[in-house]
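Take a look at the letters that make up each chain.
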Amino acid sequence: VITKSITNQSSYKLQHVISVADKSDKVVAHQGAIFEKSPGVNCLAVTVQDITQRVQNEELIRYKTFYDSITELPNKIYFKEHLPSTIRESQSDETLLAILFVGLDRFKKINDSFDHLAGDQVLRMVAERIGKMECSRCFVCRYEGDVFALQLSDMQTVHEVEAFARKILKSIAEPLVINDTEIFLTASIGISIYPMAGDNVEELIRSADAARREASKNGGNQYMLHQDGDEKAAYKHIVMERDIRHAISAQEFEVHYQPQVDAKTKKVVGAEALIRWIHPENGFISPDEFIPLAEEVGLINQIGMFVIESVCEKLGEWKDKGLGDLRVGINLSAPQFKQKDLVSFVRAMITVMELSPSQLELEITERIAVSDFEQSVEMLTQLKKIGVKTSMDDFGTGYSSLSYIQDLPIDTLKIDRAFVKDINDAGEHGEIARAVINMANSLGMHTIAEGIETDAQYQFFKFNGADEIQGWYFSKALPANEFEAYVIKQNGLELTPNSQQNDVMAAIPQGVQTAQHH
């Protein structure tokens, strides 16, 4: 590589492993570039850096990302990553692919009767039983909570799938001994078959989980197949699309703001903007329900532009009222991030509202970033040129690779709540979060920890150097007027009478610091 670089008068970058005397391997980043020292005399400038700790942190992140710490099975993320290749294999060899969702009936009673350690032991025993079942091509994961998910490929008939489901029910029904007490379990299993129940990952998962819920609702200890031709679901899809279009024109969407607090001072320095939809007939509709459909039918860009415009308007109002240069993070969908006029639209909104560009922080996920890496770098660079902040949302739940993160012009890493929720009062189970913070610091990036629920979690991230905190420990996502009031109270602001402080303070909700999850 070096010889080629000298011959071609080009730079190079490589990574390799060195074995040292104590038999421990060191990972080294090695890069060099040719420069002209004097006329006719070229030199090779080389930089060598020990990145062993970085690579170890990355490997730890990847393990924590793709495996469940209790059962050591692959987790939900790995399951979804693995499924597309399984679908392709099923297509090529013309066999059936079945997705099974296995939920333990009344599992909560075990935790209530014993404790969570006993519950974890039960999960490990069930995982072992399912894992030992004979299947030529079977991929098992702990999907979430007491739900396991399986991919059964190379199936010849639906009857073969049903027979396997019956074996699972029989295996789980065998007694378990916990704390010298014999207990009995049953399970509810939902089955979706590719391609009858769907031709993509989300449809197959949604169909299997819906069938599992139906089996549980009907008493449990049984399996149910997802029924073909779900006309109700198709009709619901059509109605939802119609309602989204109406909601856009009728301005039914609104933006709520979850405070982001300085870890050291507890002052509010910004917020994450979260879209909310209160349907006039059906009440609150979760973004998880309408955002994927909006993306599917091409309406997400209109919703995204509404959010940016609403946020900029509010930032302008808050600045005029004396709340300071608050920063607001806005999640960008993949289609929105790829819009050619995104930068010009953002620049226009900043100019019209007379904002500081750094008051906006546009967030993308790892998956969006790597889907078209060169395009992502170009877009992020353009946003950076106009002064807008950029962040990587939910870091640690995707690729978590230094090979791309250090090459992206990103200002902030947001540590996903998945790596926060298990941190206990003793500060245990925080290795992955600590590794992300250290990685961000080494790259000169800002960090925001999401999903903070307890004082112990807050103290952990404060002690380990996170810059900002976001989560229910401080506040849920609030409507604009309540967020404004929260900032005034939390930051101890004294506004002039013209700022209508009294009206704002009246909007402070009771018990805002113990509010429920958005």
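We now turn to the structure provided with this report. (Residues numbered from 1 in each chain as written. Predicted model: local features only at pLDDT ≥ 70, side-chain atom pairs only at ≥ 80, totals over all residues. Heavy atoms only, no water.)

Details of the overall build of the chain
Note the cut-off: Only runs of H or I of at least four residues qualify as helices and only runs of E of at least two qualify as strands under DSSP, and these elements are numbered from the N terminus. Throughout, radius of gyration means the C-alpha value; the globule benchmark is 2.2 Å times the number of residues raised to the power 0.38. Note on exposure labels: buried denotes an accessible area under 20% of the residue type's maximum, exposed denotes more than 50%, and partly exposed covers the range between, all computed with a 1.4 Å probe on protein chains only. We call two residues contacting when some pair of their heavy atoms lies within 4.5 Å. Shrake-Rupley sampling with a 1.4 Å probe provides the accessible areas, and residues are treated as covered by the protein chains on show and by no other component.
Each helix and strand in the chain was counted, giving 19 helices and 20 strands. The C-alpha radius of gyration of the chain comes to 26 Å, within 12% of the 24 Å expected for a compact globule of 518 residues. Relative to its full complement of 518 residues, the chain shows a buried share of 47%. The contacts of the chain with a sequence gap of at least 6 include a subset with a gap of at least 24, amounting to 65%. About 25900 Å² of surface is accessible on the chain, with carbon and sulfur atoms providing 49% of the total.

Digging into the environment of Leu478
By the secondary structure assignment, Leu478 is in strand S20 (residues 478-479). Relative accessible area serves as the criterion here: at 0%, Leu478 is assigned to the buried category. Note: C-alpha distance between Leu478 and Phe345 (133 residues apart in sequence) is 26 Å.

Structural notes on the sheet that holds strand S5 (residues 138-144)
Let me state the cut-off plainly: Two strands are counted as paired when DSSP detects at least two bridges linking them. Axes here refer to lines fitted to C-alpha atoms; in helices the fit is confined to the stretch in contact. Angles between the N-to-C directions go from 0 to 180 degrees.
Taken together, five strands build an open sheet; the order of strands is S5-S6-S4-S9-S10 and the sheet is mixed. Strands with a single pairing partner mark the edges of an open sheet, and in this sheet they are S5 and strand S10 (222-225). If you compare each strand with its neighbour and ignore which way they point, the axes differ by 20 degrees on average. With six bridges joining them, S5 and strand S6 (residues 147-155) adopt antiparallel strand pairing. Each residue of the ladder has a partner; that of Val140, found in S6, is Leu150. Across the sheet, helix H3 (residues 76-93) is in contact with strand S4 (96-104), S5, S6 and strand S9 (187-194); its angle to S5 comes to roughly 150 degrees. In the packing of helix H5 (residues 116-132) onto the sheet, contacts are made with S4, S5 and S6, and the angle to S6 comes to roughly 5 degrees.

Notes on unusual backbone geometry
At Arg106, a position not held by glycine, the phi torsion is positive, near 55 degrees. Within the secondary structure, Arg106 is located in the loop between S4 and helix H4 (108-113). The exposure class of Arg106 is exposed, given its relative accessible area of 52%. One non-glycine residue, Gln251, lies in the positive phi region at around 55 degrees. On the accessibility criterion, Gln251 (64% relative accessible area) is exposed.

Focus on the sheet that holds strand S1 (residues 12-19)
Taking strand neighbours across the sheet as the criterion, the three strands line up as S1-S2-S3 in an open arrangement whose pairing is antiparallel. Looking at the sheet topology across the chains shown, the edges are occupied by S1 and strand S3 (41-50). Shown here is a sheet whose adjacent strand axes are inclined to one another by a mean of 30 degrees, direction ignored. Where S1 lies against strand S2 (residues 25-38), eight bridges are found, and the strand directions are antiparallel. Along S2, the bridge assignment pairs Gln15 with Ala29. Where helix H2 (residues 52-66) meets the sheet, it contacts S1, S2 and S3, and its direction lies at approximately 130 degrees from that of S2.

Some details on the pattern of salt bridges
Put simply, the test is: When a carboxyl oxygen of Asp or Glu lies within 4 Å of a side-chain nitrogen of Lys or Arg, that pair is called a salt bridge.
If you walk through the whole model with that rule in mind, you get 19 salt bridges. Note that Glu202 and Lys80 form a salt bridge whose closest N and O atoms lie 3.9 Å from each other. Of this pair, Glu202 sits in helix H7 (residues 201-217) while Lys80 sits in helix H3, and the two are 122 residues apart along the sequence. Between Arg327 and Glu361 there is a salt bridge, and its shortest N-O distance comes to 3.7 Å. One end of the pair, Arg327, is in strand S14 (residues 327-331); the other, Glu361, is in strand S15 (residues 360-365), and 34 residues separate them in sequence. For Glu361, a relative accessible area of 2% translates into the label buried. Because the salt bridges share partners, they merge into one network encompassing Glu272, Glu363, Lys414 and Glu450.

Re the environment of Phe284
Here Phe284 lies in strand S13 (residues 283-285). By relative accessible area, which is 44% here, Phe284 ends up partly exposed. Apart from the residues within four sequence positions on either side, Phe284 is in contact with Arg276, Trp277 and Ile278.

A few points about the nonpolar core
Our working rule: Only buried Ala, Val, Leu, Ile, Met, Phe, Trp, Tyr and Cys residues count toward a nonpolar core, and they belong to the same one when joined by side-chain atoms within 4.5 Å.
Counting residues in each nonpolar core, the largest one holds 85 residues, and the members touching the most others are Ile244, Tyr257, Val311 and Phe461. At eight residues, the largest contribution of residues to this core is made by helix H10 (residues 300-321). If sequence neighbours within four positions are ignored, Ile244 has contacts with Phe253, Trp277, Phe290, Leu293, Ala294, Leu299 and Ile303.

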